[in-house]
Structure formats: C-alpha cells, structure tokens
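Inside the fold
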Amino acid sequence: MAHSIKTIIKRSVFVMVRNEGKTIRGKNFNVQHLKKSESLEKIQVGYTATKKLGNAVKRNRAKRIMRELARKVITKYGKKNSFYVLIAKSSIFDTSFESQKNELKDLIS
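Now for a quick tour of the structure. A quick note: this is a predicted structure, and the numbers were derived from the prediction, not measured.

Our next topic: the environment of Leu34. Considering the arrangement of structural elements, one finds Leu34 in strand E3 (residues 29-35). When the C-alpha atoms of Leu34 and Tyr84 are compared, they prove to be 6.7 Å apart, with 50 residues separating the residues in sequence. Filtering out sequence-adjacent residues up to four positions away, Leu34 remains in contact with Met16, Val17, Glu20, Gly21, Asn81, Ser82 and Phe83.

Below is the structure:
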C-alpha cells in the first residue's frame, strides 16, 4: 500500500528525529527513524548530504538519489506516522540503484 510522503524542511524536526529516534547504519546511507503517534497519517522524510561528500554538485546528486529511493521504497514499506532522515555516505555514488533499493528496504523493515 502506497503512503504519501511529506518532506521535512524545518531544522527543529531534524533535531527531534536525531535526539529521540534511533539510527540505523547502512553501507551507502544511515537512516534515522522516529515513530510518532500524533503525526498526520503521513510519512515524513528528510535528506542530508554533508560537505564531506564533496562539492555542491555531488551533494545535490546524492539528495536526488535519496529522494528517488524514498519515492520507490519508503512509500511502499515505510510505516505511517513516522519520520525518516536519510544521511548520505560517499559510497552512494559507487553502488547500483537496485542494491541501494534493497539496502533501504532492509534498513526500514
């Protein structure tokens, strides 16, 4: 069943997910997850690519990859009333998209 995704924009929400949620470490990205009961029946997703990845072109590419992953995987397998923050690692550029989809599916399940 496909759920609707809302993008996290405010820094306060990113900080709340970091402080109250749990971090799941993966090969190509880390996922911070927080389950809240008072959310609006949606899945909220945020994307982070730090300057360690490289210049702005690489960071934007990593965010585009993560947005597409969220659209394909989190809409199907994510839990309602949840916050997910995807944090890119440098290996995200070297791995195929299919293996990244499988990794994200394993991390959020």
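Resuming the write-up.
Taken together, the five strands give an open sheet; going across it, the order is E1-E4-E5-E3-E2, and neighbouring strands pair in mixed fashion. The open sheet is flanked by strand E1 (5-7) and strand E2 (22-25), the only strands paired with a single partner. Neighbour to neighbour, the strand axes of the sheet diverge by 25 degrees on average, direction disregarded. Here E1 pairs with strand E4 (residues 43-48) via three bridges, running parallel. Looking at E4, one finds that Lys6 is bridged to Gln44.

Moving on to the pattern of salt bridges. As enumerated under the stated definition, the model contains four salt bridges in all. A salt bridge links Arg71 to Glu68, with the shortest nitrogen-to-oxygen separation between them at 2.6 Å. Separated by three residues within a single helix, Arg71 and Glu68 lie in helix H2 (residues 56-77), roughly one turn from each other. The exposure class assigned to Glu68 is partly exposed, which follows from its relative accessible area of 27%. Note that Glu68 is salt-bridged to Lys72, the shortest N-O span being 3.9 Å. Of the two residues, Glu68 and Lys72 both sit in helix H2, four residues apart, roughly one turn of that helix. A single salt-bridge network, built from bridges that share partners, covers Glu68, Arg71 and Lys72.

Criteria and cut-off values
- Residues numbered from 1 in each chain as written.
- Predicted model: local features only at pLDDT ≥ 70, side-chain atom pairs only at ≥ 80, totals over all residues.
- Heavy atoms only, no water.
- Helix = DSSP H or I, 4+ residues; strand = E, 2+ residues; numbered from the N terminus.
- Contact = heavy atoms within 4.5 Å.
- Pairing = 2+ DSSP bridges.
- Axes fitted to C-alpha atoms, helices over the stretch in contact; angles between N-to-C directions.
- Salt bridge = Lys/Arg side-chain N within 4 Å of Asp/Glu carboxyl O.
- Buried < 20%, exposed > 50% of the residue type's maximum accessible area, 1.4 Å probe, protein only.

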